[in-house]
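Residues per chain, in single letters:
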Amino acid sequence: MEKFKRFVTLISILSFFLFFFLYFSKSTIKIRELTKKIDIESEKRHVFFDLGANRGDTIEKFFNGKLIDMSQFPSVKWIIHAFEPNPVFKKKLIETKEKISAEKAEIFLNFETAAWIKNGSMDLYFDGSTNSEGTSLFKNHPAVKKDGALTVKTVDIAELINNYTEKDFVVVKIDIEGAEYDVLLHLISKNVFPKIDVVIIEFHKYMNKFKTSEDVFVQLFKLYNTKFINWYCIV
């Protein structure tokens, strides 16, 4: 009888430990699943591509909430890729970068570099203004001089955007004096738009050599679920 009691006691103790083992194992699994979910969310990157960064005023407007509603991203650190082929704006761009805290953004300035459809180099043509602030990659742009061009680096912007995923939040602003048509068709052909959440464009209709209506692009953006913002509605 005494042995039986000891046996029952032992079984009770083992059952007790087994119950707690299973309970805490389930809890651990749930905690791990929750932690994994949080880690996945924390890996989401927020990126702004500024194609035609000029003097950096677009970057300032971006953080002032004039391009998108920044209240949706209260504690986000952005990754900024700015491209400006005109060397006149180098100093201003550096000053703009210095105004923005490192907690808000990591900013990559690409000087004398134009966003384009392939890696290489092209001539950059300047307008006739005193400071030569207006530029274009195209000699037939009505505002530029035909001589005095500067050779600048070009980058395949599709390759750079493809470094990110559909999980990331990507904003692209395009103000590149007529080159937007080539770039947009290139991004479409490379199936990049599924990764772009917001696209902000200034269309230069007089430079549209493809004769593709801007409305066609806008309809395509809708198909890709990419929000389109007309630059003229901001400036």
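Quantities reported herein were computed from a predicted structural model and do not represent experimental measurements. (Residues numbered from 1 in each chain as written. Predicted model: local features only at pLDDT ≥ 70, side-chain atom pairs only at ≥ 80, totals over all residues. Heavy atoms only, no water.)

1. Thoughts on the pattern of salt bridges
Put simply, the rule reads: Note on definitions: salt bridges are taken to be side-chain nitrogens of Lys or Arg within 4 Å of carboxyl oxygens of Asp or Glu. Helix and strand labels come from DSSP, where a helix needs a run of H or I of at least four residues and a strand needs a run of E of at least two; each type is numbered from the N terminus. Exposure is judged per residue with a 1.4 Å probe applied to protein chains only, and the accessible area is read against the type maximum: over 50% gives exposed, under 20% gives buried, and values in between give partly exposed.
For the structure shown, the criterion picks out six salt bridges. Close ionic contact of Asp 50 with Lys 173 constitutes a salt bridge, the shortest N to O distance being 2.9 Å. In this pair, Asp 50 is assigned in strand E1 (residues 46-51) and Lys 173 in strand E8 (residues 169-174), connecting sequence segments 123 residues apart. On the basis of relative accessible area, Asp 50 is assigned to the buried category, the value being 0%. Its relative accessible area of 1% is what places Lys 173 among the buried residues.

2. A word on the layout of surface pockets
Where we set the bar: Using protein atoms alone on a 1 Å grid, points that fit a 1.4 Å probe yet trap it form a cavity, whereas open point sets bounded by protein on both sides within 12 Å along at least five of seven lines form a pocket; residues with an atom within 4 Å of a point count as lining. Grid points are joined across faces, edges and corners, and a volume is the space filled by probe spheres set on the points. Any residue that is not Ala, Val, Leu, Ile, Met, Phe, Trp, Tyr, Cys, Pro, Asp, Glu, Lys or Arg is counted as polar, Gly included; the first ten are nonpolar and the last four charged.
The calculated volume of the largest pocket comes to roughly 400 Å³. When residues of the lining of the largest pocket are traced back to their parent elements, those giving at least two are helix H2 (57-63), strand E2 (78-84), strand E4 (113-116) and strand E6 (135-136). In terms of residue count, E4 provides more of the lining of the largest pocket than any other element does, three residues in total. Grouping the constituent residues of the lining of the largest pocket by class yields twelve nonpolar, eight polar and nine charged.

3. Some thoughts on the nonpolar core
For the record, the criterion: Only buried Ala, Val, Leu, Ile, Met, Phe, Trp, Tyr and Cys residues count toward a nonpolar core, and they belong to the same one when joined by side-chain atoms within 4.5 Å.
Counting residues in each nonpolar core, the largest one holds 37 residues, and the members touching the most others are Phe 49, Leu 51, Ile 157 and Leu 187. If you tally residues by element for this core, the top one is helix H5 (residues 180-189), at five residues. Counting residues in each nonpolar core, the second largest holds 24 residues, with Ala 53, Phe 63, Leu 67 and Ile 68 among its members.

4. Thoughts on the sheet that holds strand E7 (residues 150-156)
Quick reminder of the rule: Two strands make a pair as long as DSSP finds a minimum of two bridges between them.
Spatial strand order, E4-E7-E5-E6: four strands in an open sheet with mixed pairing. Taken across any chain shown, the strands that pair with only one partner, and hence form the sheet edges, are E4 and E6.

5. Quick word on the environment of Phe 203
Formally: Note on definitions: a residue-residue contact is assigned when non-hydrogen atoms from the two residues lie within 4.5 Å.
Looking at where Phe 203 falls in the secondary structure, it is placed in the loop between strand E9 (198-201) and helix H6 (214-223). We classify Phe 203 as buried; its relative accessible area is 7%. Placed 24 residues apart in sequence, Phe 203 and Ala 179 show a C-alpha to C-alpha distance of 9.3 Å. Ignoring sequence-local partners within four residues, the contact set of Phe 203 consists of Glu 180, Tyr 181, Leu 184, Glu 214, Phe 217, Phe 228 and Tyr 232.

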